[in-house]
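Residue-level listing of the chains:
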Amino acid sequence: MSATQFGTYTAKLVDGPLEGKTISTEFSPGGEAQPRIEIPTDSPSKHYLYIRGSGIEFGEGPEATRRPSAVEYRFVQAVFA
C-alpha cells in the first residue's frame, strides 16, 4: 500500500526559514498527522526539520471529525548530511 493511499493534509510552516509557507503531506499509515516532516532544499546535502505544533484545523464534510485538513509545524533545525 503506498503512502498516498492514506490521504493528504496541509502542513503550515509557522516559523523558521520557510515561515508562512504551506506544503501538502501524507498522513501516517495509522491515519495521524506526521509528528515530524523533513523538507528538502536546493542543496542535496541539506534539509529542514519541522515538528508538529499545537495548531490543528478541520475542514467540512465526513472526514472533518476524523482527520485534520491542516496542521501547524514549527522549525527545529537545518540538517546537513
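A few points on the structure.

Rules of the game
Residues numbered from 1 in each chain as written. Predicted model: local features only at pLDDT ≥ 70, side-chain atom pairs only at ≥ 80, totals over all residues. Heavy atoms only, no water. Pairing = 2+ DSSP bridges. Helix = DSSP H or I, 4+ residues; strand = E, 2+ residues; numbered from the N terminus. Axes fitted to C-alpha atoms, helices over the stretch in contact; angles between N-to-C directions. Phe/Tyr/Trp six-rings, centres within 6.5 Å; stacked < 30°, edge-to-face > 60°.

1. Examining the sheet that holds strand β3 (residues 36–40)
Moving on, step 1. As summarised here, the arrangement of the five strands in space is β2-β1-β5-β4-β3, forming an open sheet in which the pairing is mixed. A single partner strand is all that each edge strand has here, and the edge strands are β2 (22–26) and β3. Across the sheet, the mean angle from the axis of one strand to that of its neighbour is 40 degrees, orientation sign disregarded.
Moving on, step 2. As judged from the five bridges shared by β3 and strand β4 (residues 46–57), these two strands associate in the antiparallel manner. Its bridge partner being in β4, P40 is matched across the sheet by H47.

2. Looking at the pairing of strand β1 (residues 8–13)
Moving on, step 1. Looking at chain direction, β1 and β2 are connected through five bridges and run antiparallel. What sits directly across from T8, in β2, is E26.
Moving on, step 2. Pairing between β1 and strand β5 (residues 70–80): four bridges, direction parallel. Within β5, the position partnered with L13 by the bridge is Y73.

3. Some words on the environment of E60
Moving on, step 1. Along the chain, E60 falls in the loop between β4 and β5.
Moving on, step 2. Taking the C-alpha atoms as reference, E60 lies 30 Å from L49; in sequence the two are eleven residues apart.

4. Section: the packing of aromatic side chains
Moving on, step 1. Tallied over the entire structure, the rule returns three aromatic pairs.
Moving on, step 2. An angle of 70 degrees between the planes, with centres 6.0 Å apart, marks the rings of Y48 and F75 as edge-to-face. Placement of the pair is Y48 in strand β4 and F75 in strand β5, with a sequence separation of 27 residues.
Moving on, step 3. Plain terms: the ring middles of Y50 and F75 are 5.4 Å apart, the flat faces sit at 65 degrees to each other, and that makes the pair edge-to-face. Pair noted here: Y50 is in strand β4 and F75 is in strand β5, with a separation of 25 residues, a long-range link.

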